[in-house]
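So you can see what is in the structure, the chains are spelled out below.
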Amino acid sequence: MTFIDPSWGVKSDYVHNLAAKGERADGRGMNDYRKIEVTTDFIPHAPGSALVKMGDTQVIAGISLQAGKPYSDRPNSGVLMTGAELVPLASPEFEAGPPSPKAVEIARVVDRCIRESDSIDMDKLCIEKGEAVWMVMVDMHVLNYAGNIFDAGCLAATAALHNTKMLKFEDGLVIKEKQKTKLPVKKKPVECTFVKVGDAVMLDPSLDEEHALDARITFGMVEKGLCAAQKGGKGSFTQPEIDSAFELAMKKAGELRKHI
Amino acid sequence: MTFIDPSWGVKSDYVHNLAAKGERADGRGMNDYRKIEVTTDFIPHAPGSALVKMGDTQVIAGISLQAGKPYSDRPNSGVLMTGAELVPLASPEFEAGPPSPKAVEIARVVDRCIRESDSIDMDKLCIEKGEAVWMVMVDMHVLNYAGNIFDAGCLAATAALHNTKMLKFEDGLVIKEKQKTKLPVKKKPVECTFVKVGDAVMLDPSLDEEHALDARITFGMVEKGLCAAQKGGKGSFTQPEIDSAFELAMKKAGELRKHI
Amino acid sequence: MTFIDPSWGVKSDYVHNLAAKGERADGRGMNDYRKIEVTTDFIPHAPGSALVKMGDTQVIAGISLQAGKPYSDRPNSGVLMTGAELVPLASPEFEAGPPSPKAVEIARVVDRCIRESDSIDMDKLCIEKGEAVWMVMVDMHVLNYAGNIFDAGCLAATAALHNTKMLKFEDGLVIKEKQKTKLPVKKKPVECTFVKVGDAVMLDPSLDEEHALDARITFGMVEKGLCAAQKGGKGSFTQPEIDSAFELAMKKAGELRKHI
Amino acid sequence: MGMKSDIKLIDAKGKRLDGRAIDEMRPLKIEAGVLEQADGSAYLEWGNNKVIAAVYGPRECLPRHKASPYGSTLMYRYNMAPFSVDDRKRPGRDRRSTEISKISEEALNKVVLTERFPNSMININVEVLQADAGTRCAALTAASVALADAGIPMKDMVASCAAGKAGDHIVLDLGKLEDNFGKADVPMAIVPHTGEIVLLQMDGDLSPKEFKTAMTLATKGCMMAYEEQKKALKAKYKGGGKK
Amino acid sequence: MGMKSDIKLIDAKGKRLDGRAIDEMRPLKIEAGVLEQADGSAYLEWGNNKVIAAVYGPRECLPRHKASPYGSTLMYRYNMAPFSVDDRKRPGRDRRSTEISKISEEALNKVVLTERFPNSMININVEVLQADAGTRCAALTAASVALADAGIPMKDMVASCAAGKAGDHIVLDLGKLEDNFGKADVPMAIVPHTGEIVLLQMDGDLSPKEFKTAMTLATKGCMMAYEEQKKALKAKYKGGGKK
Amino acid sequence: MGMKSDIKLIDAKGKRLDGRAIDEMRPLKIEAGVLEQADGSAYLEWGNNKVIAAVYGPRECLPRHKASPYGSTLMYRYNMAPFSVDDRKRPGRDRRSTEISKISEEALNKVVLTERFPNSMININVEVLQADAGTRCAALTAASVALADAGIPMKDMVASCAAGKAGDHIVLDLGKLEDNFGKADVPMAIVPHTGEIVLLQMDGDLSPKEFKTAMTLATKGCMMAYEEQKKALKAKYKGGGKK
């Protein structure tokens, strides 16, 4: 039941023609983000949450905290789980049902970005060694899909984690009552995504640019370096293209981080 | 793979024309049930069971008893679970596979009717506080679908619960041996379903009447009042229609209860 | 999305014509196996494994060992689980997704053959009575489907079980380290499959013969007799056909067993 | 319904835990046209409920066997975000959301002029972002606004609100604690201009008289919700909205 | 098969736990035409087994890719009601019912004149209501009667019965305890007029001689089942049945 | 990545646990044309990885809605056999295999001349039989050979290899312990003739400089894998192969 909009072909030509001239349909520079707004605590009932608007793209990340058994090889460490739902509310392209490969990819790249950046201090999430640890569940819920869920979703996730308060744990049960203590989060991993359209490489693709893309590259950036990367799309990058995108990502990551 | 019988359209016109004259295809009055037969203990191996025939509609309810963990917020209370299977044996409309929305609705309305009527004395189903309680599973299995599974199913479920004997629990295991003690059931919740065809409202719809209906209302009745209600169908009821159907339901519930 | 090769019809006629003359397309006698090769320990990381080639049919069986709870009615006994995956790699007929009825049948017949032959000494697989026993998982993975997965799969499973080394169990955990001790396997159950094409009955069907078959019979043979049987196909066998196939199976089982 | 507790849901002065009078609704505000991708949308806050609705269509009906030559097929999807409830909701359909989707879809069929768009489908998707009792009424109320925002021809809106029993009183629009510890819940939805009832559920324990009182009160609540629906649509068309 | 136990399945006089002789079948009775919706149906009690079968078709084959221009596609569905067994059976297909459905469907293909109805399907649905060993034979025996009741043209019936090994004896039609503690089970189904074998399974531990004895005994059992099938159909057509 | 441990991954002489130099790949050997049913196939051993790939197609695209008039639809399926890993892998897709399949499929789209076969599909199925770090690179490298063996027209091969960080060194082609206890993994795939990057992932913790070093090293690894791919294809066409 793949959704195909007949206008994509026309729009794709338009995007390509502009790109060849170094231009974008919305007038942005090749290395500009769209307007970004971050609203933390958008879901005050949840331990942590953030709504991110990146242009017309809207993603909420909500954090749930549960107590659970640790993995047997890390009896002292909390557990992180990351999910992304591309609900049909957000786009005519999205369908109800089990997560599409696209949703799985987004969730897994954001998961790696948070996990590998060592952002959450997992060893502080032990309740009782080998028996009970905090499980941190990050759920990205896309409300409007207008391109670049990677960056908007990761920003929402990181902002939500920084906004998260711990819950009470008493007599073996989690009490759903937010504490003053914050979730131990040390870093601000963010993702910067570029797409290649023809020979042009541009930051933060809009929806039309995503439909027109040849290849995509996402860098997961943490303060001192790289924690994740993911290439997508049916085209390719040259090594110099990757190099210069990566250098730009290092600058842009700082910009993104200011929103948290 | 929706099943559509081309004769439905014709039959629907016929049902509408009759209804406008206050008549029904099978000659019943607007507020009459079809002939009801209840056979309890139809499945003697099960702790409890009943076969209900309501006209040509046939539903078996079977009860299973298992030991399980109570919910953490009700450590002393037994657990009720209610399911309905609309197996392809019962109608050319039914398909194999996960429960259809129709099956889910029937199961949930019967579940609420039994649960909210406080029919089962859940606190008597504790085996060991916080550790083990009896789980009462009610399974409705439709053998022939000729309309009004709500009422036939709920009657079968209540009759089966009243027919249920406890099992032995020894050394942490359930022994599949029926005891003399009965399941502690205090009340006889039943459902009364009306449909609206054109401007006429009638009790206990036949299959053709269900195919022709504009709207449907089910009342879950317990001795002293109402324990559940559910409106269905693409049409509407006026307030007076609801009021008079409800008054009738109070009388009819007594009739149904005599079968248990 | 059933896969149908238009050449099957023609090939089926060919197979039938040959069979009527007592011949087979690959020149074999009616009661001959194709060339059989068994390579044990093909997956050295696994506790046990075997690759079986039977003509062009290739099946790997791999054994996994886990610790788990025993069944409450056999607290001293290990647990056997048998699966078969007909992955799309192995044939244009196979599809991704949940196991097809064909895969389920193969897995269940091989399971019964191993289980009922009492081949594995389950009582030696108890770790702690009622608490922990070894679970033996047999997974058949078909690499190339050229007919008769029953016999090739069962031979691979039995060869793999005979090749299986126990793992360490320490402090409640399985250590993935192969021990010198072998899995206690006492017998060599094998399966012999015949198909009926027209009036001819032949051993070890090739792929074309399977597509052309009227009926199929599989005998699970253990040293002193029969441990499983399964008839398949839309046709029938006469009693004398079954009798003579069974007598042949007793001889052929010995041939197969030499490969283990 | 009906968990036992010592909580006194109505005080001596007839005030409820959150200070509301017995026939007082929680604050409700609705904004139309909040999503850029959808053909119509609405965001709604009702007490602590936060709900967002989007409408797509009429468009080609997929899967095709659900298409009808007599009109457009409405498909209503009620879904809770994982973080919308205290115990994380696992993604995917469950029995509760299946039932709510079914009866809400049926309710909207009464007002949408589906016959104008044969063989098509209209998708109504509602996401519950924060749940605080009464989400099915909130969802359906938001969905109607989203349908209107999408320009789908309708006879009227569908407006929804619940009444219930807290302590010994029939009260309007149960809050979360009232929902947990109250004795009955009666969600309703009506067609405002005619008063026709398009959704009605009840669970709990009510005398016949209480049931009638609850329906009357819920109907009033529906009319209050309808006022907010109209406000939202006016604001959108005055302001020109976002799009 | 083969759970160890001290239970003596055959006593000194050659009688079985339920008093049956070695070659005695449990009581079997079949009624045709018991369901009003189905095109054909049958209810069967065999010992404590209770089984009901319904046939729909020939009708349009859905999904379409399963249709064949050479004949009708039989679809056999063996299903256990949740309450049919001591440990509640979770609804839905499992591996056991998948296998039983497959081989029963194949068995019936031998007798149904499918070639008369190209591109159609015939659905055979069997529900096990109470299970007491031998349900696959009971289901298939009931299904044949339901097919005949539906007026589907067939060459002959399919009749089914099992033999098995209890203690050291080959016995007919294993009961539940014999099934649990016996040494082998041999379910069979035949075409009565020709004796052709259309279903044959075996699991357990049998010598070649025992296997042959079991097949011979099971064949007798199939013929007894066939007599009951005929009785049921005659009773239906004499009485005019329910419909 | 990044499990803590006292294991010293690189010794004083710059040798790795398995004796390899920092820029040394594990032994790799590939055989083309190993399966009789598939249109093309390849078997690959890389260190202790054992991987087999099969290609079917171009053939009719099913389900049809995935067909494209602009070219053949590649469908890549990465799957692990249950016994391929220490903790038995439950059969069926999981999130990891879904992601790997997606990005590998995209990578191959760069080289396959899909436009030659509109409305068709080409299935590329890879089974991991024994897993030992680096299976996605091994799978993709084998898949390219299987495509060539199937005679599918391609611009070039896709060759794949990973670099990573073990201890403080950037090393080629992580082994299993290096994967578990190392600090970063950078799987890559390139088009050998042009050096274009068609697959690139990274997880762990790398400075910008380390990342560049890793990409350079991985590219070298890809070229080494490419040599083996060519050898396999030559051997097949010299020997005439199996088929």
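To be clear, the structure that these remarks concern was listed above.
Residues numbered from 1 in each chain as written. Chains lettered and ligands numbered in written order. Predicted model: local features only at pLDDT ≥ 70, side-chain atom pairs only at ≥ 80, totals over all residues. Heavy atoms only, no water.

A. Representation of the overall build of chain A. Looking only at helices and strands, chain A has 5 helices and 12 strands in total. For chain A, the C-alpha radius of gyration of 19 Å lies close to 18 Å, the compact-globule estimate for 260 residues. Expressed along its principal axes, the backbone C-alpha trace of chain A runs to roughly 65 × 40 × 30 Å. The buried share among the 260 residues of chain A stands at 59%. Carbon and sulfur atoms provide 51% of the accessible area of chain A, an area that totals close to 9,900 Å². (Helix = DSSP H or I, 4+ residues; strand = E, 2+ residues; numbered from the N terminus. Rg over C-alpha atoms; globule rule 2.2 N^0.38 Å. Buried < 20%, exposed > 50% of the residue type's maximum accessible area, 1.4 Å probe, protein only. Areas by Shrake-Rupley, 256 points an atom, 1.4 Å probe, with all protein chains shown as cover.)

B. Inspection of the layout of surface pockets at higher detail. Volume-wise, the second largest pocket comes out at about 410 Å³. Lys11, Leu207 and Asp208 of chain A together with Glu36 and Gln37 of chain D are, among the 20 residues lining the second largest pocket, the residues nearest its centre. Going through the elements one at a time, α1 (7-20) and α4 (207-212) of chain A together with β3 (49-60) of chain D are the ones with two or more residues in the lining of the second largest pocket. Take the lining of the second largest pocket: its biggest share by element is 3 residues, from α4 of chain A. (1 Å grid on protein atoms, 1.4 Å probe; cavity = no way out; pocket = protein on both sides within 12 Å on 5 of 7 lines; lining within 4 Å. Points joined across faces, edges and corners; volume = space filled by probe spheres on them.)

C. View of empty space enclosed by the protein. Residue and element names in this part refer to chain E. Tallied over the entire structure, the rule returns 3 cavities of 30 Å³ or more. Within this model, the largest cavity holds a volume of roughly 80 Å³. Lining the largest cavity are Arg26, Trp46, Asn49, Ala133, Gly134, Cys137, Cys161, Ala162, Asp173, Leu174, Asp179 and Asp185.

D. Region of the structure containing the sheet that holds strand β7 (residues 169-172) of chain F. Strands sit in the order β10(A)-β9(A)-β11(A)-β12(A)-β9(F)-β8(F)-β6(F)-β7(F) across an open sheet of 8 strands; the sheet is antiparallel. Looking at which strands have only one partner, the edges of the open sheet turn out to be β10 (200-203) of chain A together with β7 of chain F. Neighbour-to-neighbour, the strand axes of the sheet open up by a mean angle of 20°, direction not taken into account. Pairing of strand β9 (residues 190-197) of chain A with strand β11 (residues 215-222) of chain A involves 7 bridges; the strand directions are antiparallel. Paired with threonine 193 of chain A across the two strands is threonine 218 of chain A, which belongs to β11 of chain A. Strand contacts of helix α2 (residues 101-116) of chain A: β9, β11 and β12 (225-232) of chain A together with β9 (196-206) of chain F, with the helix running at about 165° to β12 of chain A, the strand carrying the most contacts. Against the sheet, helix α1 (residues 95-109) of chain F makes contact with β11 and β12 of chain A together with β9 of chain F, and its axis sits at roughly 145° relative to β9 of chain F, the strand it touches most. (Pairing = 2+ DSSP bridges. Axes fitted to C-alpha atoms, helices over the stretch in contact; angles between N-to-C directions. Contact = heavy atoms within 4.5 Å.)

E. Region of interest: the environment of arginine 96 of chain D. As for its position among the elements, arginine 96 of chain D is in helix α1 (residues 95-109). Taking the C-alpha atoms as reference points, arginine 96 of chain D and glutamate 127 of chain D, 31 residues apart in sequence, are found 14 Å from one another. Other than its neighbours up to four places away in sequence, arginine 96 of chain D contacts Arg108 of chain B together with Tyr78, Met80, Thr135 and Arg136 of chain D. Polar contacts involving the side chain of arginine 96 of chain D include one to the side chain of tyrosine 78 of chain D, which spans 3.1 Å. (Polar contact = N/O pair within 3.5 Å; in protein donor to acceptor, adjacent residues only side chain to side chain.)

F. Molecular detail of α1 of chain F. Over its 15 residues, α1 of chain F extends 21 Å from the first C-alpha to the last, a length consistent with the 21 Å expected when each residue adds 1.5 Å. Burial of α1 of chain F is extensive: 12 of the 15 residues sit out of reach of the surface. (Expected span 1.5 Å × (residues − 1).)

G. Representation of unusual backbone geometry. The residue after glycine 57 of chain E, namely proline 58 of chain E, is reached through a cis peptide bond having omega -5°. Tracing the chain through its elements places proline 58 of chain E in strand β3 (residues 49-60). Residue proline 63 of chain F is bonded to the preceding leucine 62 of chain F through a cis peptide linkage, with omega at -5°. Of note, proline 63 of chain F is situated in the loop between β3 (49-60) and β4 (73-80). Unusually for a residue other than glycine, asparagine 119 of chain F sits at a positive phi of about 65°.

H. The arrangement of the interface of chain C and chain F in detail. At the junction of the two partners, chain C supplies 33 residues and chain F supplies 33 residues. Between chain C and chain F, a total of about 2,700 Å² is buried, with carbon and sulfur atoms accounting for 58% of that surface. Considering only the surface of chain C that becomes buried against chain F, His45, Leu89 and Lys176 of chain C emerge as the three largest contributors, covering 24% of it. Taken together, the connections running from chain C to chain F amount to 2 salt bridges. Note that arginine 88 of chain F and aspartate 139 of chain C form a salt bridge whose closest N and O atoms lie 2.6 Å from each other. Here chain C is connected to chain F by 12 residue pairs in polar contact (both at pLDDT 80 or more). Residue assignment for the side of chain C that touches chain F shows that the elements contributing at least two residues are β3 (57-68) and β6 (132-144) of chain C. Tallying contributions element by element places β3 of chain C first for the side of chain C that touches chain F, with 7 residues. The residue inventory of the side of chain C that touches chain F, partitioned by class, reads 20 nonpolar, 8 polar and 5 charged. (Buried area = accessible area lost by both parts, 1.4 Å probe. Salt bridge = Lys/Arg side-chain N within 4 Å of Asp/Glu carboxyl O. Nonpolar A, V, L, I, M, F, W, Y, C, P; charged D, E, K, R; others polar.)

I. Up close: the interface of chain A and chain F. Counting from both sides, the interface comprises 40 residues of chain A and, opposite them, 31 residues of chain F. Taken over both partners, the interface formed by chain A and chain F buries close to 3,000 Å², and the fraction arising from carbon and sulfur atoms is 52%. Counting across the chain A and chain F interface gives 4 salt bridges. Between arginine 112 of chain A and glutamate 99 of chain F there is a salt bridge, with its nearest N and O atoms 2.7 Å apart. If you list the elements that add at least two residues to the side of chain A that touches chain F, you get β4 (79-85), α2, β11, β12 and α5 (239-257) of chain A. Top element by residues in the side of chain A that touches chain F is α2 of chain A. It accounts for 9 residues. The residue makeup of the side of chain A that touches chain F, split by class, is 15 nonpolar, 11 polar and 14 charged. Of the strand pairs in this sheet, β12 of chain A and β9 of chain F are connected by 4 bridges, and their pairing is antiparallel.

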